[in-house]
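Breakdown of the fold
Listed below, chain by chain, are the residues.
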Amino acid sequence: LTCLKVSRPSGTLDAIQRAERKPFSRKFTRVFVREQNTLFEFDLRWQPAIIGRLDARDPKRNRLLAVDLEPFQDSPTVSRHHACITETNGLFYIEDIQGRNPVYLDGKKIKYGERVPLTAGAIIKVGEMTLVFNTIG
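Residues numbered from 1 in each chain as written. Predicted model: local features only at pLDDT ≥ 70, side-chain atom pairs only at ≥ 80, totals over all residues. Heavy atoms only, no water.

**Brief notes about the sheet that holds strand E11 (residues 129-136)**
What the six strands build is an open sheet, ordered E2-E1-E11-E10-E7-E8; its pairing is antiparallel. Every interior strand has two partners, whereas the edge strands, strand E2 (41-43) and strand E8 (108-109), have only one. Pairing of strand E7 (residues 103-105) with strand E10 (residues 123-126) involves three bridges; the strand directions are antiparallel. Residue pairing across strands places Val 103 opposite Val 126, the latter belonging to E10. (Pairing = 2+ DSSP bridges. Helix = DSSP H or I, 4+ residues; strand = E, 2+ residues; numbered from the N terminus.)

Right under this line is the structure:
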């Protein structure tokens, strides 16, 4: 008997490819992440909400960029499209959407393409940047 973990594609990469913004559930009055060193807050107003850096060469890729960490880095350690936050039926998820540079949630590495549940107060690490996820409902 062999047990294999069956994973279904989340559809996030397809949504990103279509550059399709969808709202979060109405029950959330605010969804945001706070950069831990500067305490700068990024409001997340759509999903998929991409965490990454602005792409000056291809502005079309910036449509879903919700957390632009470019100004907060001396040297780039965050990919253009590094991670993504989505919500389904009131539950939030984070996903590594590029696979080359790691994404950590509460100190544990997230596997590429895997949607991991995200709770208020969770610590997200992308490159050298640390973000705290929060919701207000």
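**Focus on the sheet that holds strand E5 (residues 81-88)**
Taken in spatial order, the five strands make up an open sheet running E4-E3-E5-E6-E9, and their pairing is mixed. The strands lining the two open edges of the sheet, one partner per strand, are strand E4 (65-68) and strand E9 (115-118). Strand-to-strand, the axes of this sheet are offset by a mean angle of 30 degrees, without reference to chain direction. Direction of pairing for strand E3 (residues 49-52) relative to E4: parallel, over a ladder of three bridges. Its bridge partner being in E4, Gly 52 is matched across the sheet by Asp 68. (Axes fitted to C-alpha atoms, helices over the stretch in contact; angles between N-to-C directions.)

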